[in-house]
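Examining the three-dimensional arrangement
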Amino acid sequence: MSFDIGNPSIGLVFWTFVAFLLLLFLLRKFAWKPIMEAIGEREKSIEDALTSAEKAKAEMARLTNENEQLLKAARAERDIILKEAKELKDQIVADAKTLAQAEGAKLIEQARKEIDDQKKRALAEVKNQVSSLSLDIARKVLQKEFEDENKQEALVADLLKDVKLN
Amino acid sequence: MDFRHFFDSKKISFIAIFAVLTTFSVVQAADTPTVNSAAIDSHGAHGEGEFQPTDVIMEHISDAHDWHLWGHSSIPLPVILYTDKGFEFFLSSQFHHGEHDYRGKHYTYRLVDKKKIQVVNAAGQIDEEASKKIWDFSITKNVASMFLSVFLLLLIFTSVAKAYKKREGKAPKGLQSFLEPIILFVRDDIARPNIGHKYARFMPLLLTIFFFIWINNLMGLIPIFPGAANVTGNIAVTFVLAFIVLIVVNVNGNKYYWKHILLPDVPWWLYPIMIPVELVGVISRPFALMIRLFANITAGHIIILSLISLIFVFKSLAIAPVSLAFVLFMNVLELLVAALQAFIFTLLTALFIGMAVEEHH
């Protein structure tokens, strides 16, 4: 019984060629291509998922950080605003005070002026009254005086006595 | 409690595997002498009842024109002959295991030594001249077994590919989850490190080589019908695989590869030595692939068959337990070798391709 070592049978060589090449062709088309693509895609999607998770984590950290920053800034701003408001309030109060004082002073001044005016007017009126009264009195007195002819002549004589003709 | 349950199921599965392997061994043991006696009966050349382990083993690891089932029953396989007068098609059962000659359209044929088909002339003598002119393209046991493996591979991997389409982007399941690590192993541990970034182009070839060799090795380990052929232990098969590797490597060889062979980095007066050495290297690498796979698988078959033959050499049933223990050990070892040889063949193929497509030295 001879052994195949030195004499590979042509039929087996031929059929192995056919079978292997056919297998290679069919598996390449219907198995290896879809399988390798699916594996590749899955690996890519896993990698993408991991990368995006990493990114999301970084984004999260960034957001937290930003939030903290914002909070800090807001707090600082609030403090500033409060401080400013307090200052403003003080200012306003101070301003109001000065304004009120000025206004008061002005009012007082005005009042004083008014009073002075009134006084002056009153004094003028008093003066007028006094003058008219005195005129009335004088007229009445004169009327009285002129009723008595003798007295008038005496007076004129008296006045003429004083007048020295030069 | 959970752990104990787990342990129990493991133990049970181990026993099951043990039982299956033992059964196979027993079947193999039962298988061997029947064939042998049949062979002796039909030939009658080696003397009555004289056990010839060499003949038995050689018959088992050689190709055949029928696929033996049990006892005297076997599946006849188609015989395809190309003669100088045209093709001949008939079933191998026409030979009646070599007892009868078959009168075909063009010649009368005789099955010699159960595997070689010769032309017989009118006087019943073998016609050497005419025999040289016929080409035997028969579907032999190895070819049929190989077709079965190819069919199984197509079935397995198209269904796996379908699973990938159906469960797109999801984790693998079932057969898919069993094969994916192996596919990834071929990609990440064989192709990528040896070929580099151009690995994707060679993946189909490497995967096909790996699974083709592996499944044929495994089929060869099954001692009964759907297996039992020594496909990867036949030099014709390993020759074809190695030849394809040779073609792929040299077709894809870039200018660095050819410069290394034709204009090596040595003083010019060494060229007459170096160039032939390099050219021999081109051939010897796939040649080593061919011999390695053939020798490993054939050796495994020979060892197992020899151990079984011991029972019949010693003509004692007492030797059977010892023989079976060794056969069991060898079967388990051969399971490892089946995967290992497929791995080595694929790895070296990837390495040779890597050497051919490497950009710089």
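Residues numbered from 1 in each chain as written. Chains lettered and ligands numbered in written order. Predicted model: local features only at pLDDT ≥ 70, side-chain atom pairs only at ≥ 80, totals over all residues. Heavy atoms only, no water.

1. Quick word on the overall build of chain A
Counting secondary structure elements, chain A contains two helices and zero strands. By the burial criterion, 12% of the 166 residues in chain A qualify as buried. Total accessible area on chain A stands at roughly 13900 Å², and carbon and sulfur atoms take up 62% of it. (Helix = DSSP H or I, 4+ residues; strand = E, 2+ residues; numbered from the N terminus. Buried < 20%, exposed > 50% of the residue type's maximum accessible area, 1.4 Å probe, protein only. Areas by Shrake-Rupley, 256 points an atom, 1.4 Å probe, with all protein chains shown as cover.)

2. Describing the interface of chain B and chain A
Note: interface size is frequently given as the accessible area lost on complex formation between the parts. Taken together, the contacts link 55 residues of chain B with 34 residues of chain A. Regarding the contact of chain B and chain A, the summed buried area is about 4100 Å², with carbon and sulfur atoms giving 79% of it. At the junction of chain B with chain A, the criterion picks out two salt bridges. Here Glu180(B) ties to Arg42(A) by a salt bridge, and the two come within 2.3 Å at their closest N and O atoms. For the pair chain B and chain A, the interface holds five residue pairs in polar contact (both at pLDDT 80 or more). Contributing elements (two or more residues each) for the side of chain B that touches chain A: α2 (53–61), β8 (135–136), α4 (141–166), α5 (175–195), α6 (203–221), α7 (235–251) and α9 (271–314) of chain B. (Contact = heavy atoms within 4.5 Å. Buried area = accessible area lost by both parts, 1.4 Å probe. Salt bridge = Lys/Arg side-chain N within 4 Å of Asp/Glu carboxyl O. Polar contact = N/O pair within 3.5 Å; in protein donor to acceptor, adjacent residues only side chain to side chain.)

3. Some words on a nonpolar patch on the surface
A grouping of Ile10(A), Tyr82(B), Phe87(B), Phe89(B) and Trp135(B) is seen on the molecular surface, where their side chains present a nonpolar patch of about 530 Å² in accessible area. By the element assignment, Trp135(B) lies in strand β8. (Patch = residues over 30% accessible without salt bridge, like charges linked within 9 Å, V, L, I, M, F, W, Y side chains within 5 Å.)

4. What to know about the sheet that holds strand β3 (residues 78–83) of chain B
Strands belonging to one sheet form pairs held by backbone hydrogen bonds; the direction of such a pair is parallel or antiparallel. Residue and element names in this part refer to chain B. Across the sheet, which stays open at both edges, the three strands sit in the order β4-β3-β8 with antiparallel pairing between neighbours. At either margin of the open sheet sits one strand with a lone partner, and together these are β4 (86–91) and β8. Note that β3 and β4 share six bridges and pair antiparallel. Pairing of Thr83 across the sheet is with Gly86, part of β4. (Pairing = 2+ DSSP bridges.)

5. With respect to the UniProt feature "transmembrane region" (unreviewed entry) in chain B
Residue and element names in this part refer to chain B. When the UniProt feature table is mapped onto this chain, "transmembrane region" (unreviewed entry) is found at residues 143–164, 202–225, 231–249, 269–295, 301–328 and 335–357. End C-alpha atoms of residues 231–249 are separated by 24 Å, and the span's content is 79% helix alongside 0% strand. In the segment residues 301–328, helix accounts for 82% and strand for 0%; the C-alpha atoms at its two ends are 13 Å apart. (UniProt positions renumbered as here; feature names shortened; annotations may be inferred.)

6. A few points about the sheet that holds strand β6 (residues 108–112) of chain B
Residue and element names in this part refer to chain B. Spatially, three strands are ordered β5-β6-β7 in an open sheet, and the strand pairing comes out antiparallel. The outermost strands of the open sheet, each flanked by one partner alone, are β5 (102–103) and β7 (116–120). Relative to β7, β6 runs antiparallel, the two sharing five bridges. Bridge pairing in β7 places Leu111 opposite Ile117.

7. Some words on the pattern of salt bridges
Residue and element names in this part refer to chain A. What the rule picks out here adds up to 13 salt bridges over all chains. For Asp79, the salt bridge goes to Arg78, with nearest N and O atoms at 3.4 Å. Assessed through its relative accessible area of 41%, Asp79 is described here as partly exposed.

8. Re the side chain of Glu88(B)
Looking at where Glu88(B) falls in the secondary structure, it is placed in strand β4. Those residues within four positions of Glu88(B) in sequence are excluded, and the remaining contacts are Val79(B), Ile80(B), Leu81(B), Thr83(B), Gly104(B), Lys105(B), His106(B), Tyr107(B) and Tyr109(B).

9. Quick look at a negative patch on the surface
All names here are of chain A. The grouping of Glu145, Glu147, Asp148, Glu149 and Glu153 at the surface amounts to a negative patch. At the level of secondary structure, the elements contributing two or more residues to the negative patch comprise α1 (10–147) and α2 (149–162). As for its position among the elements, Glu145 is in helix α1. Judged by relative accessible area, which is 38%, Glu145 ranks as partly exposed. (Lys, Arg positive; Asp, Glu negative; His and termini not counted. Charge placed at Lys NZ, Arg CZ, Asp CG, Glu CD.)

10. Notes on unusual backbone geometry
Residues and elements named next belong to chain B. Unusually for a residue other than glycine, Lys315 sits at a positive phi of about 50 degrees. Note that Lys315 resides in the loop between α9 and α10 (320–357). Residue classification places Lys315 among the exposed residues on the basis of a relative accessible area of 68%.

11. Regarding the packing of α6(B) against α7(B)
Residues and elements named next belong to chain B. Between α6 and α7, the least distance of the axes is 12 Å, while the angle of their chain directions is 170 degrees. Taken as axis vectors, α6 and α7 run roughly antiparallel relative to one another. Contacts from Leu205, Ile209, Phe212 and Ile213 of α6 reach α7 at Val237, Leu241, Ile244, Val245 and Val248. Partitioning the contact of α6 with α7 into residue classes produces nine nonpolar, no polar and no charged. (Axes fitted to C-alpha atoms, helices over the stretch in contact; angles between N-to-C directions. Parallel < 35°, antiparallel > 145°, perpendicular 65-115°, else oblique. Nonpolar A, V, L, I, M, F, W, Y, C, P; charged D, E, K, R; others polar.)

12. A closer look at the confidence of the model for chain B
Here chain B averages 81 in pLDDT, and 86% of its residues register 70 or above. Note on residues 1–48 of chain B: pLDDT under 50 across the span, and 41 contacts to partners over four residues away in sequence or across chains. (pLDDT = per-residue confidence, 0-100.)

13. Details of the packing of α4(B) against α6(B)
Residues and elements named next belong to chain B. It is at 10 Å that the axes of α4 and α6 come closest, and there the two elements cross at 120 degrees. The pairing of α4 with α6 is recorded here as oblique in orientation. In the packing of α4 onto α6, the handedness of the crossing is right-handed. For the pair α4 and α6, the contacting residues are Ser145, Met146, Leu148, Ser149, Val150, Leu152, Leu153, Ile156 and Phe157 in the first and Phe211, Phe212, Ile215, Asn216 and Met219 in the second. In terms of residue class, the contact of α4 with α6 is built from 11 nonpolar, three polar and no charged. (Left-handed = near helix turned anticlockwise from the far one by under 90°.)

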